[in-house]
Amino acid sequence: MTSPVGAIDGPPAKPALTSRWDSPALRRFRRHRLAVFGAVTILVLTLACIVGPFLLPFTDTFIDIRQRFAPPLSGAHVLGTDQLGRDMLARLLMAGRISLAVGFAAMAISMVIGVCVGLVAGYYGGAIGAVLMRFVDAMLCFPSIFLLLAVSAFIHPGVETIILLIAFTAWMEVARIVEAQIKALRERDFAVAAEALGASDARVMIRELLPNAIAPIVVAATLNVAHAILAESYISFLGYGIQPPTPSWGNMLDNAQGYLTSAPWLAMLPGAMITLAVTSFNFIGDGLRDALDPRTDAR
Amino acid sequence: MSELDRNAKRSRLSAPSLRRREFLVLGAGALLGARSAGAETPPPPSGRRGQVIVGLSQEPTVFNPLMPGIEVDESVWMNVFNALWNPDPEGNLIPELAAEVPTVENGGISDGGLAWKVRLREGVVWHDGEPFTAEDVKFSLELINSPGFRARTRQGHSLVRDIVVKGPHEISWRMEKAYSPYLALLANTFIVPKHILGKASDPNTAAFNNAPVGTGPFRWSERVAGDHISFVANERYFLPGPYLEKAVFKYIPDLTALYAQFRTGQVDLTIGQGIPANFYEEAVKLPGRKVVANPSGNLEIIMPNLELPALSEKAVRQALYHAINKQAIIDVIYYGLHRPTESFAPKESWAYNPNLPPHSYDIAKANKLLDDAGWKRGARGIRQKNGVPLEFALSTTTGTAIREQCQQLLMQDWQQIGASMKINNMPAAVIWGEFYVRSKFQALLVGTAFRTVTDPDPATRFSSESIPVKGGSGGNYMQYVNPEVDRLLAAGQTSFDRQERTKIYHRLQEIVRDELPILPIFQYAPVEGYKEGLVGFRPNINARQNTWNMSKWYWAR
Amino acid sequence: MGSFLARRVGQAGVLLLIVSIIGFSILHLAPGGPLSQFAATGDMTQEDLDRVARQMGLDRPLPVQYAEWLWRLLQGDWGVSYRDKQPVLRVIGSHLGATLELMLSSTLLAMMIGCWIGVLGAIRRYSVFDTLATVGAMIALSIPTFWFGLVVIYVFSVGLGWLPAGNRYTIGDGSWSDRLHHLIGPCIVLALVSTAVWSRYMRSSMLDVINQDYIRTARSKGIPERRILFQHAVRNALLPMITIAGLHLPTLLSGALVTETVFTWPGMGRLFLDSIGYRDYPTVMGILMFTAMLVLLGSLLADLLYGVADPRIRTA
């Protein structure tokens, strides 16, 4: 993964101690201003969601009927209150914990499933590969909304199940990407050599092949987080979302629909948070794609 | 039951579908909503003019009125077909296809309620010109009981024996046992044409089911699936009207979108689930629109599963009831539109008992009730008794935002008395499946009614023989068992004397108020709206939907 | 070519079988059923509900129901909708027009604008325009559609009164201008996302082409830059778009579900949502099979068209 352009452009690398911070890929990423913006935003958001609720005088579930619909920047509530008089800022931050956790967890699970299926299918090929990939094809034939709706009917809506639900509908693309990569890589010399040396299948797959296919996987993972956060809001919109009183950006946005004219901040704030978070992940994904693809010429 | 949120999306708000109503104007609506009456009312036009577009939040899809359908389908049935008689807003049965309503006094019902005789109206014709006769009534009743036909309900009809056509306009039958609610059930049984449906090889799939022919004020015109149904005036209707040339039922699946279209004037009326409560204040100020809250017979209740150890004890239910801040729920979440109630009967019913002890929001009293009953506070402040923690899940259909607010208020209030409630909402198709009918829920927050069509008889909801999960047939899903209640219900069904029945139902309401097999919160008054200039709109708490008198509507010129 | 087609059709048959088994299982094993809603009304007693379930054959074992459904489908009988009481194909047909109208118009709009943005972005790579287009596309891809739709309704319909708040046409009108007027709102909302997608694809495709030898050769020959770009580069950059259009075909049906709900557009998305909510098994299965067929047809068409357009692929 060396790029001649990167090597010339970048600061001179210390030959012995090529620290990770100096890798050409990272340098390319850092030059991708939007990606850096995205990464910083996500970092700040995550920190705020983890730390923020401890610093606020209100909890996200405290109902104060007399204070309902207080507009932002008026009185004790910085971002106003919602239809039950709960502090919007506290709810947005708690919702952020849930929404980001859903995004990351769903991504992780879908990656694990997708990578496993893709690895096995790509490595063994033949009948196993064909069966697995036909299954992937069949799953991709369903409109993802159908899978979401149908499966949500089985399960009890909760944070864990929403995560599984989203992961269950998002692993197929990953499997396809990994399968294609592995299929191409396993014919290469280093894989053949490792096999000839008697390495076990698992070892070849995980130690030799997977690291070489990591670039597209990382990109897909980032985009999957974005997809999962958005999916959570759609599930909420369709009425199968995370149950109250737990807030999520999706269910806050969904519940705000009736107040679009009378209390627009109820819809604007979570809508903006979703858009901000998803955009950031998309920027990161875009930046990673450029950075990890050695063919991309740097600016 | 209102919760006919066929899919959760559609009923983001918990308003019920409408059964019975009476005209009532609330709050600011009084000024705008007052029905132009008396001298101001312009006279109906001499001919048929104009059209009306009614916005519905559910799509009517069942057009054979004897097959399983939901309340919105009845909007079609009421206008294309006629029943023998129909209840008016005051609860009186008004003859339609019958010449008069049979009673014990006029001899129509005799032999202690076992023999029924009905004289039919003469000169009525079907939309295709064929005359309507007693044979059609006989055919309809027999079709309901025929084994292969997917009849909606055989409740009452299964008791009918020996139907005899005594002449083209007279019919009689015998009942297996005296059953007074049958009058109300017949008001909801629409008569279908024998000369069409009788010839169909399979009435379940007959072409008639998609192009109904009736005797009603409007004739079927066309249906654009998923969008609208249009009707044209029946020129030969046997009662006054219709005054409109055309009527359209427009399906708009989302209540917020429905309101937006009412606001922009794309629909002339919005009925049924109507205008979401949170838009009420804005809606009454709309120029050129009349917006009114019309009481329905549906109640918002908490339905506990009485077999759940935590909820089986009367003291627990009473304590939970005292800890419900009804006024906050009604005033804050529902914008003061609905009226608190203590009874399972609507206030407008002749059987309503106005002397039930009023509810008070009293946390201290609730705590004392639980202390006295031996429920001790344990870990995390949750009470326990004999190892049973005071914990349960409250379910409703997902996507009903206003009900979810209500659940969260309840949660906070009940926490104060050491009761832990969790929210466990599910999609409509799941809730109303086995979960409901096999009593698998712990507690439900629902809008529902406890009566037989418009008759006050609640036997299917409270009788111990109506518990499906115990082999019964009916809708006693909370599994309420009380021998005195059973006795009263049986007595109420066999009596045709209103005074006697009133006494029975008053006692019944007292027992239910005390034992709380259901925790009543309020009686619904959904907000409906129509354009100024539409004359004749008259809410009817005894009709399923307020299109019941569409034949009397016209536009003021 | 013939054997290629035969193999693809055979594969498609296997896929459809898998799809039908997965779909049927999920649908029938999910709690609730087509009679749930009648239980909710309280008008039908348990006895009534059990009787109707028996009459509809819903009490039979699932494999039997599946086998019967499949056997009928193979004979061309898609079943009768529980909800609409009409043959499933007719039900689908009556909703297809509305969806195609919306999706084709929005796709067309998105393709035109998206390709234009993509081309300009590639030519002036890293310019202010390109950066703005990139940021704009990312944001467009990140906005929840239903939220955007609601905002459009509240601003342009309720607030300004410029657009109708939904529906496909005014009942009783239905003229071209009326239909067009109703189309604007949902079309813009749907086009927003796909414009972003198209502009991204077009940009990278254009970049690939610009860097290729023959463009450099053309440049060195002194052909005017405008002509190079618009006659040679754009034309070649559009080639891969064919594949994308083919793969895009199925989303023409399911992609509009949310937008159709917000704008009360009587199309396939709404039908699907209604049918799922109702547990209208024949219709849901019908839509699933129909969509799956479109997915397979779309990818086949994409491959075929691409093969025709670029002969190198055919042998590969």
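Everything in this summary refers to the structure shown in the same document. (Residues numbered from 1 in each chain as written. Chains lettered and ligands numbered in written order. Predicted model: local features only at pLDDT ≥ 70, side-chain atom pairs only at ≥ 80, totals over all residues. Heavy atoms only, no water.)

Considering the interface of chain A and chain C
By a widely used convention, the size of an interface equals the accessible area lost when the partners come together. Defined as follows: Two residues form a contact once any of their heavy atoms are found within 4.5 Å. The quantity reported as buried area is the accessible area (1.4 Å probe) lost by two parts once they are put together, taken as the sum for both. Each salt bridge in this description consists of a side-chain nitrogen of Lys or Arg and a carboxyl oxygen of Asp or Glu lying within 4 Å of one another. Two N or O atoms count as a polar contact when they lie within 3.5 Å, although within protein this holds only if one can serve as hydrogen donor and the other as acceptor, and sequence-adjacent residues are included solely when both atoms are side-chain atoms. Counting from the N terminus, the helices are DSSP H or I runs at least four residues long and the strands are E runs at least two residues long. Gly counts as polar in this scheme, as do all residues outside two lists: the nonpolar Ala, Val, Leu, Ile, Met, Phe, Trp, Tyr, Cys and Pro, and the charged Asp, Glu, Lys and Arg.
Contact residues are listed per partner, giving 39 residues for chain A and 42 residues for chain C. Of the roughly 3,600 Å² buried between chain A and chain C, counting both surfaces, carbon and sulfur atoms make up 81%. Arginine 200 of chain C serves as the salt-bridge partner of aspartate 286 of chain A, at 3.0 Å between the closest nitrogen and oxygen. Here chain A and chain C share five residue pairs in polar contact (both at pLDDT 80 or more) between them. Put simply, the parts of the chain that give the side of chain A that touches chain C at least two residues each are helix H5 (126-141), helix H6 (144-154), helix H11 (214-237) and helix H13 (265-292) of chain A. Broken down by element, the side of chain A that touches chain C gets its largest block of residues, eleven residues, from H13 of chain A. Counted by class, the side of chain A that touches chain C contains 27 nonpolar, seven polar and five charged residues.

Some points on the environment of glycine 75 of chain A
Residue and element names in this part refer to chain A. To keep things clear, this is the line we draw: Between buried and exposed lies partly exposed: a residue is buried under 20% and exposed over 50% of the maximum accessible area for its type, with that area taken using a 1.4 Å probe on protein chains only.
Structurally, the position occupied by glycine 75 is in the loop between helix H3 (33-55) and helix H4 (88-124). Residue classification places glycine 75 among the exposed residues on the basis of a relative accessible area of 71%. For the pair formed by glycine 75 and isoleucine 128, sequence separation is 53 residues and the distance between their alpha carbons is 64 Å.

Quick word on the pairing of strand E12 (residues 289-293) of chain B
All names here are of chain B. Put simply, the rule reads: Pairing between strands is defined by DSSP: at least two bridges between the two strands are required.
Taken across its five residues, E12 has five buried, putting it largely inside the fold. Residues Arg289, Val291 and Ala293 line one face of E12 and the alternating positions Lys290 and Val292 line the opposite face, and both faces are buried. For E12 and strand E22 (residues 527-531), the ladder comprises five bridges, and the chain directions are antiparallel. In the sheet register, alanine 293 faces E22, and the bridge partner there is valine 527.

Re the nonpolar core
Note the threshold: In this text, buried Ala, Val, Leu, Ile, Met, Phe, Trp, Tyr and Cys residues form a nonpolar core when linked through side-chain atoms within 4.5 Å. Here the bounds of each domain stem from an automatic or database domain assignment.
Counting residues in each nonpolar core, the largest one holds 317 residues, and the members touching the most others are Trp249 of chain A together with Trp173, Tyr182, Trp414, Ile417 and Phe462 of chain B. No other element matches H4 of chain A, which puts 15 residues into this core. When residues of this core are assigned to domains, at least three fall in each of domain 1 (2-74) and domain 2 (89-314) of chain C. Apart from the residues lying within four places of it in its own chain, the contact partners of tryptophan 173 of chain B are Leu114, Ala115, Trp116, Val118, Leu141, Val160, Arg161, Asp162, Ile163, Tyr182 and Leu186 of chain B. Core analysis: the next-biggest nonpolar cluster, separate from the first, contains 20 residues, Met202, Ala233, Ala237 and Met241 of chain C among them.

Examining H3 of chain A
Worth spelling out the cut-off: Each helix should span, by expectation, one fewer than its residue count multiplied by 1.5 Å. Note that the bend at a residue is defined as the angle between axes fitted to the seven residues ending at it and the seven residues starting at it.
In this model, H3 of chain A (23 residues) spans 31 Å end to end at C-alpha, consistent with the 33 Å of a helix rising 1.5 Å per residue. Residue cysteine 49 of chain A marks the point of greatest curvature in H3 of chain A, where the axis turns by about 35°; the proline proline 53 of chain A follows within four residues. Regarding H3 of chain A, the residues found buried are Leu34, Ala35, Gly38, Thr41, Ile42, Leu45, Cys49, Gly52 and Pro53 of chain A. At its buried positions, H3 of chain A is contacted by helix H2 (24-31), H4, helix H12 (249-255) and H13 of chain A together with helix H6 (128-142) of chain C.

Re the pairing of strand E19 (residues 420-423) of chain B
Residues and elements named next belong to chain B. To keep things clear, this is the line we draw: Looking down the strands as they point away from the viewer, one classifies a crossover as right-handed if the path from the first strand across the helix to the second runs clockwise.
Sheet topology places strand E18 (residues 391-395) next to E19; four bridges connect them, and they run parallel. Looking at the pairing, alanine 393 lines up with lysine 422 of E19. Traced from E18 through helix H11 (residues 401-415) to E19, the parallel crossover comes out right-handed.

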